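# Observations on the three-dimensional arrangement
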Amino acid sequence: MKTRREFIKISALGLGGVAALSSISPLTRGASAIEKLLGLNRNKPRIVKRVPSYCEVCFWKCALWADVDDSGRVVNLTGNADDPHCNGRLCPRGTGGIGMLYDEDRLKKPLIRVNGENGQTFREASWEEALDLVANKLKEIADKYGPESIALFNHGSPGHHLGHLLKALGSDNIAAPSYAQCRGPREVGFEFTFGTGVGSPEPTDIRDTRCLVLIGSHIGENMHNGQVQEMSDAIDRGATIITVDPRFSTAASKSKYWLPIKPATDIALLLAWINVLITEELYDKDFVEKYTTGFDKLKSYIRPFTPEWAYGITTLEPDLIRKTAREMGSAAPAVIVHPGRHVTWYGDDTQRARAVAILNALLGNWGRRGGFYFKEAKPLPEYPTPEYPKPSWSWKDVTNDKYPAARLSVSNALIDASIHSEDKPARIKAWLVAGTNLPLTIPQKDTLEKAFQDIEFLMVLDTMPMEITGYADVVLPECTYLERDDDIRNEPHRELNIAVRLAAMEPMYDTKPGWWVARELGLRLGLEKYFPWKEYREVIEWQLSQIGTSVDEMQRLGVKKFEGRKTPLYAETPEDYQFKTPSGKIELYSEQLESMGFDAIPRFTQHPEPPEGYYRLIYGRAPMHTFSRTANNPYLVDLMKENSVWVNPRVAALWGLKNGQYVWLKNQDGVVSHFPTKVRITERIRWDSVYIVHGFGHHDKKLSRAYGRGANDTELITRVSVDPLMGGTGMRGNFVTFVTENPGKEVVS
Ligand SMILES: Nc1nc2c(c(=O)[nH]1)N[C@H]1C(S)=C(S)[C@@H](COP(=O)(O)OP(=O)(O)OC[C@H]3O[C@@H](n4cnc5c(=O)[nH]c(N)nc54)[C@H](O)[C@@H]3O)O[C@H]1N2
Ligand SMILES: Nc1nc2c(c(=O)[nH]1)N[C@H]1C(S)=C(S)[C@@H](COP(=O)(O)OP(=O)(O)OC[C@H]3O[C@@H](n4cnc5c(=O)[nH]c(N)nc54)[C@H](O)[C@@H]3O)O[C@H]1N2
Ligand code: SF4
Ligand SMILES: [Mo]
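Let me sum up the structure you'll find in this document. (Residues numbered from 1 in each chain as written. Chains lettered and ligands numbered in written order. Predicted model: local features only at pLDDT ≥ 70, side-chain atom pairs only at ≥ 80, totals over all residues. Heavy atoms only, no water.)

Okay, helix α6 (residues 158-169) next. With 12 residues, α6 should reach 16 Å at 1.5 Å per residue; the first-to-last C-alpha distance of 17 Å fits that figure. Among the 12 residues that make up α6, 10 are buried, leaving the element largely enclosed by the rest of the structure. Gly 170 lies just past α6 and shows a positive phi near 115°. (Helix = DSSP H or I, 4+ residues; strand = E, 2+ residues; numbered from the N terminus. Expected span 1.5 Å × (residues − 1). Buried < 20%, exposed > 50% of the residue type's maximum accessible area, 1.4 Å probe, protein only.)

See the structure below:
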């Protein structure tokens with residue numbers, strides 16, 4: 001049924017009940033962007049209470065206070081001074097998070113797909129009707145194909161609630177793009193080396209470091225709050241920053257050394273650095289002796305990989321490679337080679353992360369001040385509910401263990417398992433999607449489209465009419481994070497701490513919290529024993545009582561710190577330290593990988609080069625936006641409304657491009673961006689690459705501020721290099737050229 005799931009532009013509907021922004025926003029119209037951002041209302045509101053929450057604009061989860069005025073509206077957000085994630089300061093996106101609440105384009109009522117005379121549209125529905133429909137569909141599909149045939153794609157807090165529902169139903173086919181499209185390879189690379197992954201927030205002791213090495217990692221544009229603050233403090237204290245990036249990033253501009261590497265060659269640089277550390281005996285000999293295995297094998301393996309060898313590959317001067325390796329060696333152990341975060345680049349990403357891990361190990365910085373500290377989370381008991389039924393299969397079984405080192409579900413494997421072919425019928429039949437805009441998040445649009453056509457049912461829980469909602473059979477409007485209670489944050493950090501998120505105001509429109517949606521569906525599916533509470537506040541209260549606090553106390557504190565770490569922050573008696581690897585040591589040479597048929601030590605392999613007249617498409621972050629989720633935010637749009645394409649002057653001259661001119665980008669497979677983007681001519685990018693900020697080029701017309709603004713990098717990423725170890729989709733092997741005439745593409749999806 002190829003027409004069963006057309007992309008529906010929600011704009012085709014009269015949504016009704018749309019209050020004008022001026023009547024709902026506490027922020028005076030006409031106020032400047034900064035005034036708006038800071039919540040400086042010209043008619044200063046009277047604050048009557050402040051409610052603790054933590055930010056959902058990105059996954060650093062800064063704890064904050066929501067100021068509520070006498071009419072019950074949130075008017076201002078400020079960082080919680082006791083929070084180790086933000087130290088009392090929100091980033092621009094966090095402050096502008098209030099725009100999520102007052103975005104008049106929000107989803108306001110449940111929507112159900114209907115086949116009408118003029119094709120498919122959505123009609124508004126009551127929650128009762130929409131939930132009944134979802135529950136009936138899930139029941140029908142679970143009865144027919146087993147509950148395992150239902151998958152959940154999620155990112156952020158609603159995922160936990162729907163995950164609980166799905167596990168109670170009997171499926172653990174649950175995936176987030178933060179694994180196979182983001183940090184999965186780094187977790188796996190570090191696990192194979194140190195026995196533990198990196199996790200979030202990264203336990204990098206940046207505030208006390210003497211040397212920070214950033215490989216691609218573009219802190220400063222990547223605005224992960226605590227990290228940015230610590231990096232800025234480290235710079236003030238005179239720390240050396242070394243940035244490896246084909247683009248002169250904000251971080252590069254703060255660096256003593258910028259290494260404008262040829263993209264896709266980082267492993268060669270890492271091997272050369274390892275070579276210098278070993279041949280010049282700059283590594284930490286005691287540390288290596290005590291805690292590592294395989295040093296001798298590494299030493300003989302690394303011999304040919306000199307800076308001169310790497311020069312031919314990376315285009316980086318041998319002298320610069322040596323100098324920077326010496327800087328690291330002399331700062332050790334107060335040195336960090338940052339593990340990065342979005343690391344799904346070229347398909348050999350787990351091995352690149354291994355090379356980063358090996359380099360860190362040689363520098364002896366594990367468990368050392370100014371290196372990596374030992375993070376610890378406050379243990380928090382789960383609210384008691386019955387054990388989940390055991391699923392009879394998961395995505396690993398249907399893919400024949402294709403990605404042997406994947407520890408979490410691989411979203412692209414679940415998508416593949418949703419596609420039907422003659423010889424391989426689809427095993428996944430229905431999707432729940434919560435808090436992830438898959439069409440702008442998952443590369444290879446054609447594959448995703450096939451899955452959209454083949455699945456029998458798609459429910460989306462979102463706050464905005466994003467691209468993903470256009471594919472849904474049922475759209476459920478979640479209220480924003482400021483309008484709901486949610487899970488307690490107990491992420492690891494230097495100090496044990498928790499933060500709460502309590503509803504600061506009543507949900508606007510006919511929107512509901514994720515926990516409520518999960519419970520209502522649970523009740524309809526006969527899973528009431530998994531939801532033995534009425535309000536999520538009861539779960540929070542119970543959990544808090546288990547760790548000696550209460551909602552009352554947390555309402556006053558927002559963040560609570562605890563004594564009683566089980567491990568010291570830094571290694572005190574290193575003799576006793578056991579790594580969680582098979583050998584109990586840091587594995588410089590991985591016999592585990594070797595026995596699985598993979599390289600025991602990372603190897604450099606050449607990746608495809610751009611064809612004549614094409615440039616490598618690289619992408620990243622802008623400080624005032626998060627992925628695609630903020631592109632329509634009324635306050636953040638004032639700071640940046642569209643992306644531009646960074647082009648080297650040599651290339652611009654070759655193509656006769658002018659600064660500010662709009663161009664379309666066309667990739668190696670002939671795919672042209674739906675919308676044009678402005679040319680930004682700058683020496684800050686190598687001639688062989690172009691750069692755009694991810695998250696723009698929205699094609700849902702209901703996004704009144706984001707629609708048609710900028711180019712969408714994801715639609716140009718038609719090729720991926722899949723990491724054979726963990727399934728991560730390397731996305732930087734795509735090449736684009738410029739189209740200066742309007743290709744006049746019909747914008748349908
Ligand atoms: N081309 C390309 N692809 C990428 C990346 C890239 O740089 N380029 N980056 C990758 C990385 S690192 C990551 S982590 C992922 C991120 O992937 P996603 O998390 O999918 O990113 P967003 O585009 O922000 O989509 C978030 C969705 O959640 C919705 N949302 C926001 N708040 C709430 C809420 O409170 N409740 C609910 N129910 N929904 C909410 C938003 O409206 C939006 O539809 O993307 C990956 N994919
Ligand atoms: N403002 C803001 N901050 C964010 C986010 C956001 O959406 N907005 N998202 C957060 C999330 S989930 C993540 S995962 C992180 C991602 O942020 P990071 O992990 O810091 O960075 P990446 O996205 O991997 O890489 C982007 C940088 O890599 C460079 N680059 C491209 N190709 C190569 C190459 O071959 N080699 C090298 N050495 N560099 C290369 C690009 O020029 C760019 O500067 O950001 C986080 N912080
Ligand atoms: S870093 Fe910014 S956007 Fe992310 S959680 Fe913190 S304040 Fe929010
Ligand atoms: Mo990410």
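The rest of the description comes next.
For the rest of this paragraph, the subject is the sheet that holds strand β8 (residues 211-215). Taken together, the 4 strands give an open sheet; going across it, the order is β10-β9-β8-β12, and neighbouring strands pair in parallel fashion. One side of each edge strand has no neighbouring strand; the edge strands of this open sheet are β10 (257-259) and β12 (335-337). Sheet twist, expressed as the average angle between the axes of neighbouring strands with direction ignored, equals 10°. Examined bridge by bridge, β8 and strand β9 (residues 240-244) share 5 bridges and lie parallel to one another. Residue pairing for β9: Leu 212 is matched across the bridge by Ile 241. (Pairing = 2+ DSSP bridges. Axes fitted to C-alpha atoms, helices over the stretch in contact; angles between N-to-C directions.)

What follows concerns the site of ligand 3. Taken together, the neighbourhood of ligand 3 is formed by Cys 55, Val 57, Cys 58, Trp 60, Lys 61, Cys 62, Leu 90, Cys 91, Arg 93, Gly 94, Met 223 and Asn 225. A class-by-class count of the residues in the shell around ligand 3 yields 8 nonpolar, 2 polar and 2 charged. (Near = heavy atom within 4 Å. Nonpolar A, V, L, I, M, F, W, Y, C, P; charged D, E, K, R; others polar.)

Spatial ordering of the open sheet is given by β5-β4-β15-β14-β13-β6-β7, a layout of 7 strands whose pairing is mixed. Across the chains shown, the open sheet's two edge strands, defined by having one partner strand only, are β5 (119-124) and β7 (174-175). Where strand β13 (residues 430-434) and strand β14 (residues 457-462) come together, 5 bridges link them in parallel fashion. Residue pairing for β14: Ala 430 is matched across the bridge by Phe 457.

Before going further, it helps to examine unusual backbone geometry. With an omega dihedral of -10°, the bond running from Ser 200 to Pro 201 counts as a cis peptide bond. Turning to its location among the elements, Pro 201 is positioned in the loop between α7 (177-194) and β8. Between Ala 332 and Pro 333 the backbone carries a cis peptide bond, its omega angle lying at 5°. Non-glycine residue Ala 264 carries a positive phi angle of around 75°. Its place among the elements puts Ala 264 in the loop between β10 and α10 (266-279). Taking relative accessible area as the criterion, Ala 264 reaches 8% and is therefore assigned buried. Even without being glycine, Phe 627 reaches a positive phi, approximately 40°. Assignment of secondary structure puts Phe 627 in the loop between β19 (615-620) and β20 (644-647).

Moving on: the pattern of salt bridges. Applying the stated rule across the entire model yields 48 salt bridges. Across the pair Lys 137 and Glu 140 runs a salt bridge, and its minimum N-O distance is 3.7 Å. Taken together, the residues span about one helical turn, with Lys 137 and Glu 140 both in helix α5 (residues 127-145) at a distance of 3 residues. One salt bridge connects Arg 501 with Asp 486, and the closest N-O pair in it is separated by 3.0 Å. Taken as a pair, Arg 501 in the loop between β16 (496-499) and α20 (514-524) and Asp 486 in the loop between β15 (474-477) and β16 lie far apart in primary sequence, 15 residues in all. (Salt bridge = Lys/Arg side-chain N within 4 Å of Asp/Glu carboxyl O.)

So, about the site of ligand 2. Taken together, 31 residues lie around ligand 2, and Asp 245, Asp 266, His 342, Tyr 346 and His 625 are the ones closest in. Here Ala 264 contributes a backbone N or O atom positioned 3.0 Å from an oxygen atom of ligand 2. Take Arg 621: an N or O atom from its side chain is 3.2 Å from a nitrogen atom of ligand 2. In the complex, 99% of the free accessible area of ligand 2, which totals 920 Å², lies under the protein chains. In terms of residue class, the shell around ligand 2 is made up of 15 nonpolar, 8 polar and 8 charged. In terms of domain composition, the shell around ligand 2 takes at least three residues from each of domain 2 (182-375) and domain 3 (615-739). (Polar contact = N/O pair within 3.5 Å; in protein donor to acceptor, adjacent residues only side chain to side chain. Areas by Shrake-Rupley, 256 points an atom, 1.4 Å probe, with all protein chains shown as cover. Domains from an automatic or database assignment.)

For the rest of this paragraph, the subject is the packing of α6 against α20. Contact geometry for α6 and α20: axes closest at 8 Å, N-to-C directions at 15°. Between α6 and α20, the crossing angle belongs to the class labelled roughly parallel. For the pair α6 and α20, the sense of crossing is right-handed. Residues His 161, Leu 162 and Leu 165 of α6 form the contact with α20, whose own contacting residues are Gly 514, Trp 515, Ala 518, Leu 521 and Gly 522. (Parallel < 35°, antiparallel > 145°, perpendicular 65-115°, else oblique. Left-handed = near helix turned anticlockwise from the far one by under 90°. Contact = heavy atoms within 4.5 Å.)

Let us look at the packing of aromatic side chains. Tallying each qualifying case throughout the model produces 30 aromatic pairs. Residues Phe 287 and Tyr 291 carry aromatic rings whose centres are separated by 4.8 Å and whose planes lie at 65° to one another, so their mutual orientation is edge-to-face. Residue Phe 287 and its partner Tyr 291 are located together in helix α11 (residues 285-291), separated by 4 residues, close to a single helical turn. Phe 287 sits in the buried class, given a relative accessible area of 3%. (Phe/Tyr/Trp six-rings, centres within 6.5 Å; stacked < 30°, edge-to-face > 60°.)

Let us now look at the packing of α10 against helix α15 (residues 349-362). The relative placement of two packed helices comes down to the angle between their axes together with the axis-to-axis distance. Two elements in contact, α10 and α15, have axes whose closest approach is 10 Å; the angle formed by their N-to-C orientations is 20°. In terms of axis orientation, α10 runs roughly parallel to α15. By crossing handedness, the relation of α10 to α15 is classed as left-handed. Between α10 and α15, the contacting residues are Asp 266, Ile 267, Leu 270, Trp 273, Ile 274, Leu 277 and Ile 278 on the first element and Gln 351, Arg 352, Ala 355, Val 356, Ile 358, Leu 359 and Leu 362 on the second.

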